[in-house]
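Read off the chains here:
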There are 4 protein chains.
Amino acid sequence: MNILLSNDDGFQAPGLTALRLALAAQHHVITVAPDRDRSGASNSLTLVNPLRLRPQAENLYSVNGTPTDCVHLGLTGLYASPPDIVISGINSGPNLGDDVLYSGTVAAAMEGRHLGYPSLAVSMNSHDPSHLQSAVNAVLYLLPLTHQYPDRSHMILNINVPNLPWEQIRGFKVTRLGQRHYSEPAIRSTDPRGREIFWVGAVGSIADAGEDTDFHAVEQGYISITPIHSDLTRYQALACTQQWLEEQAHGS
Amino acid sequence: MNILLSNDDGFQAPGLTALRLALAAQHHVITVAPDRDRSGASNSLTLVNPLRLRPQAENLYSVNGTPTDCVHLGLTGLYASPPDIVISGINSGPNLGDDVLYSGTVAAAMEGRHLGYPSLAVSMNSHDPSHLQSAVNAVLYLLPLTHQYPDRSHMILNINVPNLPWEQIRGFKVTRLGQRHYSEPAIRSTDPRGREIFWVGAVGSIADAGEDTDFHAVEQGYISITPIHSDLTRYQALACTQQWLEEQAHGS
Amino acid sequence: MNILLSNDDGFQAPGLTALRLALAAQHHVITVAPDRDRSGASNSLTLVNPLRLRPQAENLYSVNGTPTDCVHLGLTGLYASPPDIVISGINSGPNLGDDVLYSGTVAAAMEGRHLGYPSLAVSMNSHDPSHLQSAVNAVLYLLPLTHQYPDRSHMILNINVPNLPWEQIRGFKVTRLGQRHYSEPAIRSTDPRGREIFWVGAVGSIADAGEDTDFHAVEQGYISITPIHSDLTRYQALACTQQWLEEQAHGS
Amino acid sequence: MNILLSNDDGFQAPGLTALRLALAAQHHVITVAPDRDRSGASNSLTLVNPLRLRPQAENLYSVNGTPTDCVHLGLTGLYASPPDIVISGINSGPNLGDDVLYSGTVAAAMEGRHLGYPSLAVSMNSHDPSHLQSAVNAVLYLLPLTHQYPDRSHMILNINVPNLPWEQIRGFKVTRLGQRHYSEPAIRSTDPRGREIFWVGAVGSIADAGEDTDFHAVEQGYISITPIHSDLTRYQALACTQQWLEEQAHGS
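Analysis parameters
Residues numbered from 1 in each chain as written. Chains lettered and ligands numbered in written order. Predicted model: local features only at pLDDT ≥ 70, side-chain atom pairs only at ≥ 80, totals over all residues. Heavy atoms only, no water. Helix = DSSP H or I, 4+ residues; strand = E, 2+ residues; numbered from the N terminus. Rg over C-alpha atoms; globule rule 2.2 N^0.38 Å. Buried < 20%, exposed > 50% of the residue type's maximum accessible area, 1.4 Å probe, protein only. Contact = heavy atoms within 4.5 Å. Least-squares fit on C-alpha atoms with pLDDT ≥ 70 in both. Pairing = 2+ DSSP bridges. Axes fitted to C-alpha atoms, helices over the stretch in contact; angles between N-to-C directions. UniProt positions renumbered as here; feature names shortened; annotations may be inferred. Polar contact = N/O pair within 3.5 Å; in protein donor to acceptor, adjacent residues only side chain to side chain. Salt bridge = Lys/Arg side-chain N within 4 Å of Asp/Glu carboxyl O.

Some points on the overall build of chain A
Part 1 of the reasoning: Within chain A, the regular secondary structure consists of six helices and 13 strands.
Part 2 of the reasoning: Taken over the C-alpha trace, chain A has a radius of gyration of 20 Å; the compact-globule value for 252 residues is 18 Å, and the two agree within 12%.
Part 3 of the reasoning: C-alpha extents for chain A along the principal axes are approximately 65 × 55 × 40 Å.
Part 4 of the reasoning: Residue burial in chain A is summarised as follows: out of 252 residues, 61% are buried.
Part 5 of the reasoning: Intrachain contacts of chain A at a sequence separation of at least 6 include 76% that bridge at least 24 residues.

Some thoughts on the relation of the copies chain B and chain D
Part 1 of the reasoning: For the pair chain B and chain D, the superposition axis carries a translation of 0.0 Å, the fit reaches an RMSD of 0.0 Å, and the rotation angle comes to 180°. Taken together, these values place the two copies in the relation of a two-fold axis. Considering only C-alpha atoms, the part of chain B nearest the rotation axis is N49 of chain B, at 3.0 Å.

Quick word on the pairing of strand 4 (residues 60-63) of chain C
Residues and elements named next belong to chain C.
Part 1 of the reasoning: Here strand 4 shows a buried face lined by L60 and S62 and a second buried face lined by Y61 and V63.
Part 2 of the reasoning: The pairing of strand 3 (residues 53-57) with strand 4 spans four bridges and is antiparallel. Its bridge partner lying in strand 4, R54 is registered against S62.
Part 3 of the reasoning: In this antiparallel pair of consecutive strands, strand 3 and strand 4, the connection spans two residues, and N59 shows a positive phi of 60°.

Some words on the sheet that holds strand 13 (residues 223-227) of chain C
Residue and element names in this part refer to chain C.
Part 1 of the reasoning: Spatial ordering of the open sheet is given by 3-4-2-1-5-6-7-13-8, a layout of nine strands whose pairing is mixed. In this open sheet, the two strands that pair with only one neighbour each are strand 3 and strand 8 (172-174). Each neighbouring strand pair of the sheet contributes to a mean axis angle of 25°, computed without reference to strand direction.
Part 2 of the reasoning: Strand direction decides the pairing type here: strand 7 (residues 156-161) and strand 13, joined by four bridges, are antiparallel. Along strand 13, the bridge assignment pairs I159 with I225.
Part 3 of the reasoning: Here helix 3 (residues 104-114) sits on the sheet in contact with strand 5 (85-92), strand 6 (119-124) and strand 7, set at roughly 170° to strand 6.

Observations concerning helix 1 (residues 14-24) of chain C
Part 1 of the reasoning: Along helix 1 of chain C, the residues classified as buried are G15, L16, L19, R20, A22 and L23 of chain C.
Part 2 of the reasoning: The inward-facing, buried residues of helix 1 of chain C abut strand 1 (2-6), strand 2 (28-34), strand 4, strand 5 and helix 4 (132-142) of chain C.

As for the UniProt feature "binding site: a divalent metal cation" (unreviewed entry) in chain A
All names here are of chain A.
Part 1 of the reasoning: Mapped onto the present numbering, the UniProt feature "binding site: a divalent metal cation" (unreviewed entry) falls on D8, D9, S39 and N91. A stretch of 84 residues holds the annotated residues, and the largest C-alpha distance among them is 9.2 Å, short enough that they meet in one place.
Part 2 of the reasoning: Following the sequence through the fold, D9 ends up in the loop between strand 1 (2-6) and helix 1 (14-24).
Part 3 of the reasoning: In terms of polar contacts, D9 uses its side chain to reach the side chain of S39, at 3.1 Å.
Part 4 of the reasoning: Mapping N91 onto the fold places it in strand 5 (residues 85-92).
Part 5 of the reasoning: Apart from residues no more than four positions distant in its own chain, N91 is found in contact with D8, D9, T105, V122, S123 and M124.

Describing the relation of the copies chain D and chain C
Part 1 of the reasoning: For these two chains of identical sequence, chain D goes onto chain C by a turn of 180° and a shift of 0.0 Å along the axis, with RMSD 0.0 Å.
Part 2 of the reasoning: The residues that chain D uses at the interface reappear at the interface of chain C in 100% of cases, marking a shared surface.

Considerations on the pattern of salt bridges
Working definition: two side chains of opposite charge can pair if their charged atoms are close together.
Part 1 of the reasoning: Going through the model one piece at a time under the given rule, you end up with 28 salt bridges over all chains.
Part 2 of the reasoning: Note that R36 of chain C and D35 of chain C form a salt bridge whose closest N and O atoms lie 3.0 Å from each other.
Part 3 of the reasoning: Of the charged contacts, one joins R180 of chain D and D99 of chain D as a salt bridge, the two residues approaching to 2.7 Å between their closest N and O atoms. Residue R180 of chain D is found in strand 9 (residues 179-180), and its partner D99 of chain D is found in the loop between strand 5 (85-92) and helix 3 (104-114); the two are separated by 81 residues along the sequence. Taken individually, R180 of chain D and D99 of chain D each receive the classification buried, so the pair is uniform in this respect.
Part 4 of the reasoning: One connected set of salt bridges, linked through shared partners, spans R176, D208 and D212 of chain A.

Topic: the pairing of strand 11 (residues 196-199) of chain B
All names here are of chain B.
Part 1 of the reasoning: Alignment of strand 10 (residues 187-190) against strand 11, held across four bridges, turns out to be antiparallel. In the sheet register, R188 faces strand 11, and the bridge partner there is F198.
Part 2 of the reasoning: What sits between the antiparallel neighbours strand 10 and strand 11 is a turn of five residues, in which G194 has the positive phi angle 85°.

Observations concerning the sheet that holds strand 13 (residues 223-227) of chain B
Residues and elements named next belong to chain B.
Part 1 of the reasoning: Ordered by their spatial adjacency, nine strands build an open sheet running 3-4-2-1-5-6-7-13-8, and the pairing between neighbours is mixed. The sheet is open, and its two borders are formed by strand 3 (53-57) and strand 8 (172-174), each paired with just one other strand. Averaged over all pairs of adjacent strands, the angle between strand axes in this sheet comes to 25°, irrespective of strand direction.
Part 2 of the reasoning: Packing of helix 1 (residues 14-24) onto the sheet brings it into contact with strand 1 (2-6), strand 2 (28-34), strand 4 (60-63) and strand 5 (85-92), and relative to strand 5 it is tilted by some 140°.
Part 3 of the reasoning: Sitting on the sheet, helix 2 (residues 67-78) is in contact with strand 1, strand 2, strand 3, strand 4 and strand 5, with an inclination near 140° to strand 2.

Examining helix 3 (residues 104-114) of chain B
Part 1 of the reasoning: The buried fraction of helix 3 of chain B is high, at eleven of eleven residues.
Part 2 of the reasoning: Residues of helix 3 of chain B that are buried: G104, T105, V106, A107, A108, A109, M110, E111, G112, R113 and H114 of chain B.
Part 3 of the reasoning: The inward-facing, buried residues of helix 3 of chain B contact strand 9 (179-180) of chain A together with helix 2, strand 5, strand 6 (119-124) and strand 7 (156-161) of chain B.
Part 4 of the reasoning: Where helix 3 of chain B ends, the next residue or the one after it, G116 of chain B, has phi of about 105°, a positive value.

In structure tokens:
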């Protein structure tokens, strides 16, 4: 297969390297990844400055941009013939629940889908993962199956892998995203010159880890697979919003 | 009402200023906005560096961060008593269809909702709007109605206003997000030192502007209101993904 | 006179504003200053990204670049007829001794000279100055005298003003730059996510504050004026370096 | 010897790598270099954000900062016992004449000297050098001689090497810095969204390439060695500035 690989931890990240080398043994892989850590980049695009593509090794490029920039540039600027799939990861750290919204890893996959390609986002459930091979195995297992995915043109699968040896993983589970409580407050501090600074607060504790959620699956030792979309319309609220607007109009 | 106001065009942007002054005449408004243009920032968070809050005028602060940072900092670091609503805008330029995914304006509203507050994102359908007052009027009309919104804790309304005088606007329409074709390819160029650079390509042309879409409403002279959510689970694909996985497992 | 004004604290800094308004009463002043605080920028130039010039008020522009960028852009991109002088400041905080090397304020003046214009760099000896008017008065006093400066094409005067009311200032002193001890070590810390960070250490204590130095003058209540150059050749070492090289060559 | 190595082209630059490997064969070398290209950084220091040190290989660290940050951090944060010398380079591209003022390569050496260590800055006279080995040889030749340098505590040697094979290089010449004409004007352009941008103009043509200058030496096939200082006082102007000030005072 022709594969475009990216991530948000940067082109040197061990998770990306492990997946890149494993995939390259069997596939034609082009990697376009940020030149540094861009965790938390979400779907941000670099509009004010130009991007620079830097070859780092054969078929490995770094870009001074976001994960979304990398996939945009890789798909529209580099390919002679289009790839079969876009893969983002392996991320160090989970992308579960509503954290997914801020994730550069998932954003890279969304950008792949946005440009018309099926996409996978792959993350390890540990910020210092010791079992990257389990995520590699998961990708190698799923990759040939993607040809049969029912709705390939809308396929974005968000995959989270427990930080366990492959033998201890209990299987795959299809899940919905769980939810966290509100994030922790910003942390007020001072720099050494005595000026006030703030750090963005930590994510909240888990609020909804029901049995069908990604949080629950990973916690139980399963690889979580969540189908993701990029349509932010809240369809279930269309009717009530319409009604609200009409009532208010009449009332006023 | 207590209002937290933000945007992605920066604290000096005319749209923000117009709305800030209009709201301040009747409400208690605190504005926390980026120190420069952060269009395209999406939901990105600044995790690697600290943020600095700079008072610019009474109840007006700039932050060296993204729209999401601003709302996070405003809501968790500044408020004695919590606000009633978060408003983002008035953006110069529309936030319609799948562009919404990259929008810092909409991201600021999503962050408000994420921290538990009803939110509005407000944009003008022109990058050089001549009728900001129409968007101001729309907000002033909707604001008192938000108390009656049926599901306030999930309320994010994405509002796009035609660049027309208030009298020529035909009313409000509740819409779903439309869709664009794939974005234009990255633009290859060289800098004056002869080095290759790329600019992110322009958005694609409109692919789905059906009668119920935001594209259509604004085009027809209506103010478009789209209820937005931040749950990226593609629920309609849960069953088929499950089935796909099982079949493949059996097949293999 | 035609004056190009810049600084390194950003276009909104009170020191710049005070000087801008005072000068504009009698002269034609164009101000091009960084869009944010660029203290410590030294002579750095922005080569990788383009610059954007943003009008902020009549004859006041901000640039997303360094002080050197601003002066370069102001002098080569904006002027119909060339200015008579470049002024940088009023900086909040002193630029004395070897700190001058890191100063964006002084760098802006050096760039003026580099492009062929006499230049002044003006700083208050306090990071939170309460007597900006004293520095304004110093500039207004010196400005007409600059026409008679003996070597105008090489003129860069680094001016530091005590934070005192004008009446308490004892006069002007021409000085050489003093010297500090080595700077304090980098400060090791951790961010809230537990990762190691370092802050650049504070400047060292004063090592050479001899009677003819800028440190001494300001300390004694005088306005210090140091003529500055940008020729980094250490002329007094040319002969001994030559001799060293020859001896070594013969010895080997 | 104990050597701290840095540069401004980034930790991956071929010039740095060539020198690092050659030095490590005989010396104890710690390399601390920027995580990306920081050409043009001059002596700028990162004061607003913290720095992060990232191990890239044994004794090789990247820093998200400027060359000056790297040397500051290397010398004050990393060393158990102090190094004997600081070396910056090998830079791709010359650092000659008044360009030296903007150079991050030279600034890294100046920072070494500023913290009390003798320093070398090494550059190739080509932006795409094919004879890095010549610069490596020059450093290996000079390094043992530095123990006998007459004024070690003030030693900063700016070394520029012609892009020639070692056998074709005619020897070493001790030089002063030459001078360029004013730089080219800023280049006005537009980005693909139709907004005005400016690029910093190219350096000017050579104005002073007298026989004793670095420009001349390199042009003639010699390795240029210029002793550099960081004292920006223009001593030769102290008396005339004093006289100017007194005359004006009496005249007024």
